[in-house]
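Residues per chain are reported as follows:
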Amino acid sequence: IDALRQSSDDIPTFHEISEAWKTLSDPLERKRYDRTLKADEFVESAEKWATVVGTSTGEILGKTWSNAVLPTIQRGSRVVSNVQGAIQEELNEKESIGSGSAGV
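What counts, and at which threshold
- Residues numbered from 1 in each chain as written.
- Predicted model: local features only at pLDDT ≥ 70, side-chain atom pairs only at ≥ 80, totals over all residues.
- Heavy atoms only, no water.
- Helix = DSSP H or I, 4+ residues; strand = E, 2+ residues; numbered from the N terminus.
- Buried < 20%, exposed > 50% of the residue type's maximum accessible area, 1.4 Å probe, protein only.
- Areas by Shrake-Rupley, 256 points an atom, 1.4 Å probe, with all protein chains shown as cover.
- Expected span 1.5 Å × (residues − 1).
- Patch = residues over 30% accessible without salt bridge, like charges linked within 9 Å, V, L, I, M, F, W, Y side chains within 5 Å.
- Salt bridge = Lys/Arg side-chain N within 4 Å of Asp/Glu carboxyl O.
- 1 Å grid on protein atoms, 1.4 Å probe; cavity = no way out; pocket = protein on both sides within 12 Å on 5 of 7 lines; lining within 4 Å.
- Points joined across faces, edges and corners; volume = space filled by probe spheres on them.
- Nonpolar A, V, L, I, M, F, W, Y, C, P; charged D, E, K, R; others polar.

Colleague: Lay out the overall build of the protein in plain terms, naming residues and giving numbers.
Modeller: Assigned secondary structure in the protein consists of 3 helices and 0 strands. Put simply, the protein runs from its N terminus to its C terminus through helices and strands in the order α-α-α. Burial analysis of the protein (104 residues in total) assigns 11% to the buried set. Element-wise, carbon and sulfur atoms account for 59% of the exposed surface of the protein, whose accessible area totals about 8600 Å².

Colleague: Mind laying out helix 3 (residues 59–98), listing which residues take part and the relevant values?
Modeller: For helix 3, built from 40 residues, the straight-helix expectation of 58 Å at 1.5 Å per residue is met to within 8% by its first-to-last C-alpha distance of 57 Å. Along helix 3, the residues that are buried comprise G62, W65, L70, P71, S77 and Q84.

Colleague: Tell me about a nonpolar patch on the surface, residues and numbers included.
Modeller: Together, L24, Y33 and L37 line one region of the surface with nonpolar side chains, adding up to about 260 Å² of accessible area. Checked against the element boundaries, L24 lands in helix 1 (residues 14–25). For L24, a relative accessible area of 40% gives the class partly exposed.

Colleague: Can you tell me about the layout of surface pockets, naming the residues and giving the values?
Modeller: Looking at the largest pocket, its volume works out to about 490 Å³. Lining the largest pocket are 16 residues, with E29, R32, Y33, Q88 and L91 sitting closest to its centre. Where the lining of the largest pocket is concerned, the elements lending two or more residues are helix 1, helix 2 (27–56) and helix 3. The leading source of residues in the lining of the largest pocket is helix 3, at 7 residues. Its residues assigned to classes, the lining of the largest pocket comprises 4 nonpolar, 5 polar and 7 charged.

Colleague: Can you explain the environment of D34? Please cite residues and give values.
Modeller: By the element assignment, D34 lies in helix 2. Taking relative accessible area as the criterion, D34 reaches 27% and is therefore assigned partly exposed. For the pair D34 and L24, spaced 10 residues apart in the sequence, the C-alpha separation amounts to 9.5 Å.

In structure tokens, the structure reads:
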């Protein structure tokens, strides 16, 4: 029975559920969400692949991979994440201006 219990942190709030419904029920918002999800999956996949390649190569190639290639992939991943965050902030700002809540 203890395994079935959830902490209150695991239970989504009404606000979270409402926001999810708002996103998924609007075709444009759903498209944005899907693109973000695909980008996140790509970043995760690239980092896993890079780690596997780096650990499965020989010592010299492995060091080169770990010291040059992997950090480059990780920087690219952070750039993707930062761009996603900036776009989302801009969209949220435009949405709040469009809904008339700005300047009230």
